[in-house]
Amino acid sequence: MPNRTNHKIVLASRPEGAPQPSKFRLEQSPAPEPRDGQVLLRTLWLSLDPYMRGRMSAARSYAKPVEVGEPMVGGTVNEVVASKHPDFKPGDVVLGYAGWQDYAVSDGAGLRKLDARRAPVSTALGVLGMPGMTAYTGLLTIGQPKGGETVAVAAATGPVGSLVGQIAKIKGCRAVGIAGGQDKCRYLAEEFGFDAAVDHRSKNFPDELRQACPKGIDVYFENVGGAVWDAVFPLLNDFARIPVCGLIAQYNMTELPAGPDRTPQLFRQVLTKRLTIRGFIVRDFADQAEAFGRDVSAWLKQGKIKYKEDVVEGLENAPQAFLGLLQGKNFGKLLIRVVRQVEG
Ligand code: NDP
């Protein structure tokens, strides 16, 4: 077995508020050896996703935090480089969860073989992967968009938001995208086919959103919370549905914002407008994986949906790229291409 070095990025300490680069540390150690029934995986692609901010914190959540000193977790596309497992051979490319490192061993549980002839393997981390399935299941199951309705979504050039808007179009809705900056807004209209795009950084954002939604909002797919939610809230129509998918504007929050308690106002609107607000985690809809794969693959093939990737080269650049994601610096599905020569 050749001597292989495993570079890994570990959680150095837990952040309070917005994380700094010092919260991560690059380490190296010999790559692990696969035992009987195991494979050795080399990471080709690492997905960077907003949920990783939650894993850096010890606060109670729907998933366990990363321990200090341990590699950051994350979805990956891997090549099998050595196998003592009957179902995998060197050269196989699989979807895995190897985290922020070059190498990992696996007993095969949860690995899914990928076929590069069907779709670029990186899409298994984006439009054909977890973010895509989040958009598909949250929008269709909770949002239940009907032809002629208005569907609004923020973080709209990201892998979740861009698919929400494009599926809304397929369902005959008016799709309104909210994004940070003119470039992203232009892309929403010109490439993703949204009917309107509104920049949440504009000082007239609430007015511009109102103009973009002349018939109000029937489905608001909540990805961000904060000021965007404040602007959306008065525009919600009777019987509007709000799949609560993510609240990225709050992920670095250390205390509640100052000001009056607005819960009574929220509940009054929930009652009088008969709003449906439902949070979800994509794995709640695991039984829809087959329908998602079938529909979204077909829409891609038919040219009805597009996707955008933002590729950063090199594992060592993952911390900076991830911090940028929390500030809207990514433009499309954020991926690290982890390309290293196998040593030895
Ligand atoms: P994106 O690639 O869209 O990246 C996050 C984007 O959020 C940024 O690019 C930025 O876009 C926007 N953003 C960041 N901070 C703010 C802010 N303060 N106000 C408004 N927008 C902000 O991410 P994903 O598509 O991967 O994820 C989108 C959302 O879906 C996230 O909240 C994520 O946590 C959630 N999610 C939930 C899942 C679930 O199971 N419930 C599964 C997967 C994702 P811009 O510059 O356009 O503002």
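In this report, the structure presented in the accompanying data block is examined. (Residues numbered from 1 in each chain as written. Predicted model: local features only at pLDDT ≥ 70, side-chain atom pairs only at ≥ 80, totals over all residues. Heavy atoms only, no water.)

### A few points about the environment of Gly54
Relative to the assigned elements, Gly54 resides in helix α1 (residues 51-55). For Gly54, a relative accessible area of 41% puts it in the partly exposed group. Taking the C-alpha atoms as reference, Gly54 lies 26 Å from Asp199; in sequence the two are 145 residues apart. (Helix = DSSP H or I, 4+ residues; strand = E, 2+ residues; numbered from the N terminus. Buried < 20%, exposed > 50% of the residue type's maximum accessible area, 1.4 Å probe, protein only.)

### Concerning the pattern of salt bridges
The final tally for this structure, using the stated rule, is 15 salt bridges. Among the salt bridges present, the one from Arg42 reaches Glu79, with a minimum N-O distance of 3.1 Å. Placement of Arg42 in strand β3 (residues 39-47) and of Glu79 in strand β4 (residues 76-83) is noted, with a sequence separation of 37 residues between them. Overall, Arg42 belongs to the buried group, its relative accessible area being 18%. You can call Glu79 partly exposed: its relative accessible area is 22%. Between Asp92 and Lys89 there is a salt bridge, with the nearest N and O atoms lying 3.0 Å from each other. Among the charged side chains, a network of salt bridges with common partners joins Lys89, Asp92 and Lys113. (Salt bridge = Lys/Arg side-chain N within 4 Å of Asp/Glu carboxyl O.)

### Quick word on the nonpolar core
Ranked by size, the top nonpolar core spans 32 residues in total, and within it Leu139, Val151, Leu163, Val164, Phe194, Phe221 and Val296 carry the most contacts. Elements with a contribution of two residues or more to this core: α2 (130-143), β8 (150-154), α3 (159-170), β9 (174-179), α4 (182-190), β11 (217-221) and α8 (289-301). In this structure, Leu139 is in contact with Thr134, Gln144, Pro145, Val151, Val164, Ile167, Ala168, Val219 and Phe221, ignoring residues within four places of it in sequence. Core analysis: the next-biggest nonpolar cluster, separate from the first, contains 23 residues, Ala152, Val198, Cys213 and Val228 among them. (Core = buried A, V, L, I, M, F, W, Y, C linked by side-chain atoms within 4.5 Å. Contact = heavy atoms within 4.5 Å.)

### Digging into the packing of aromatic side chains
A full pass over the atoms with the stated rule returns 11 aromatic pairs. Ring centres of Phe24 and Trp100 lie 5.4 Å apart, and the angle between their planes is 10°; on these two criteria the pair is classed as stacked. Pair noted here: Phe24 is in strand β2 (residues 24-30) and Trp100 is in the loop between β5 (93-96) and β6 (103-106), with a separation of 76 residues, a long-range link. Here the aromatic rings of Trp100 and Phe322 are separated by 5.9 Å at their centres, their planes lie at 70°, and the arrangement is edge-to-face. Note that Trp100 is positioned in the loop between β5 and β6 and Phe322 in helix α9 (residues 318-325), a separation of 222 residues in sequence. A relative accessible area of 0% places Trp100 in the buried class. Joined through ring pairs, the aromatic side chains of Phe24, Trp100 and Phe322 make up one cluster. In this structure, Lys308 is placed above the aromatic ring of Phe331, and the distance from its NZ or CZ to the ring centre is 4.5 Å. (Phe/Tyr/Trp six-rings, centres within 6.5 Å; stacked < 30°, edge-to-face > 60°. Lys NZ or Arg CZ within 6 Å of the ring centre and 35° of its normal.)

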